[in-house]
Amino acid sequence: MKASHPSVLGQSSLFLQASRDNSTMWCYVLLISVLWTVVWFFRDRQMLSTFKDKYVFITGCDTGFGNMLAKRLDKKGFQVLAGCLTQKGADNLQRSSSPNLRTILLDVTNSESIRKAVEWVKGEVGEKGEQGLGWGERAMHLLASQQTLPPRKEWSKVWAEESKVIYPSPPHQQSICILPGLFGLVNNAGVANPIGPTEWMSVEDYRKVMAVNTFGVIEVSLAFLPLLKRARGRVVNTSSVLGRLSANGGGYCISKYTVEAFSDSLRRDMYHFGVKVSIVEPGFFKTAVTNLESIETSLRQLWDRMSPETRQSYGEDFFPNYLKVQKFIMNIICDPDLSKVTNCMEHALQAKHPRSRYSAGWDAKFIWLPATYLPAFMVDIVLATVLPKPAHRVR
Ligand SMILES: NC(=O)c1ccc[n+]([C@@H]2O[C@H](COP(=O)([O-])OP(=O)(O)OC[C@H]3O[C@@H](n4cnc5c(N)ncnc54)[C@H](OP(=O)(O)O)[C@@H]3O)[C@@H](O)[C@H]2O)c1
């Protein structure tokens, strides 16, 4: 009995010591977290001092986010080069913005159209080359061509002459070129339809969507990379919460997953060249992409072309019920405030330290992105419960 006293005392003092150590550790964790948050907050709010003479090329500016972003950047003084799919879209945009904003017709699924857009952008950014660079960069260019730096007051004159030719750079400065380059590329163009149960799709349906959302983004980015490297610019790729969680069949989710993967590898590969890559992941917003009428029209086409056997397995009630559920969900979650998305795109272009990922919209922040961290079976159960059940189901 006597011997047990010191050991109980010893154990309780050990316990007290351990809980003191534990609380000290948690204090440190809390302190570091608070510090990290404060530093992140202030770092995130540091903006570039001027946007004047910063060239930004945006795809898909006819309507939606692209259209709004183009107008807002134009108002802020960016040099906006807007790619539009249709002449009507380009004319409308031009009418509602300053003469500084320029438009070009661009179909991101057409290589020739992309090539023409790159040539056009080269001409646009080259035209105002001198204003596009700071004095430090101009000095580097002049050094590269002249080997010695002329007196400061002669820089403008020498620069004007140099601008007419692309001079051979010394080997250690091969990447330096006379063109100031492109500061920002926003890959925004996208299509969604058809969206629906996987079995209703044909491989062509996938190709159609991925031609715009996947290969469009890849080809445009690769084509503009040399210009972006010159300006140590930024790429902003428009993905979606459906690029993090595949909630429905069709090419859309797959295409946005590929945008995520492409952007991550591009960001890592461009790190050493000073090109920054951001991904914007909007939730659901009221635009042409989420227009219920067009989603329903394309779904009806899929339903009508289905083989009688497949159709029977779903049952005749399935289609109207699917539309009903879809309408109910879309009416609740589609946000009419598109500026939540363009604010993210603007931050990616204006901030000194753009983020790798932006989530836009309450549904993205509180439903979709948290759901990606849940076990897959939980998300499966929720979706299976919410969506209508096929007639010939086996469970
Ligand atoms: N709205 C949402 O809820 C939501 C959510 C997440 C992500 N996004 C993404 O946000 C981006 C913008 O979409 P949005 O919602 O603003 O819809 P939107 O108004 O339809 O914008 C898409 C734009 O892309 C253009 N476009 C379509 N095919 C093209 C092609 N082959 N080449 C060049 N441009 C093309 C469209 O031109 P036309 O108008 O002439 O067809 C339109 O201007 C898309 O990438 C979309 O996937 C949207």
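Just above sits the structure.
Note that the coordinates shown come from a computational prediction; the quantities given were computed from them, not determined experimentally.

Each helix and strand counted, the protein has 15 helices and nine strands in total. Residues counted as buried form 33% of the 395 residues belonging to the protein.

With that settled, the discussion passes to the pairing of strand 3 (residues 102-105). Note: strand 2 (residues 79-84) against strand 3, four bridges, orientation parallel. Counted as the bridge partner of A82 is T103 from strand 3. Handedness of the strand 2-helix 3 (residues 87-95)-strand 3 crossover: right-handed.

The relative placement of two packed helices comes down to the angle between their axes together with the axis-to-axis distance. Between helix 2 (residues 64-76) and helix 13 (residues 339-350), the least distance of the axes is 9 Å, while the angle of their chain directions is 55 degrees. Of the possible angle classes, the one that applies to helix 2 and helix 13 is oblique. Crossing of helix 2 against helix 13: the hand is right-handed. Mapping the contact onto sequence places F65, M68, L69 and R72 in helix 2 and S339, V341, T342, M345 and E346 in helix 13. Tallied by class, the residues present in the contact of helix 2 with helix 13 amount to five nonpolar, two polar and two charged.

Cut-offs used in this document
- Residues numbered from 1 in each chain as written.
- Predicted model: local features only at pLDDT ≥ 70, side-chain atom pairs only at ≥ 80, totals over all residues.
- Helix = DSSP H or I, 4+ residues; strand = E, 2+ residues; numbered from the N terminus.
- Buried ≥ 20, exposed ≤ 12 C-beta atoms within 10 Å, placed from the backbone.
- Pairing = 2+ DSSP bridges.
- Right-handed = clockwise from strand over helix to strand, strands pointing away.
- Axes fitted to C-alpha atoms, helices over the stretch in contact; angles between N-to-C directions.
- Parallel < 35°, antiparallel > 145°, perpendicular 65-115°, else oblique.
- Left-handed = near helix turned anticlockwise from the far one by under 90°.
- Contact = placed C-beta atoms within 7 Å.
- Nonpolar A, V, L, I, M, F, W, Y, C, P; charged D, E, K, R; others polar.

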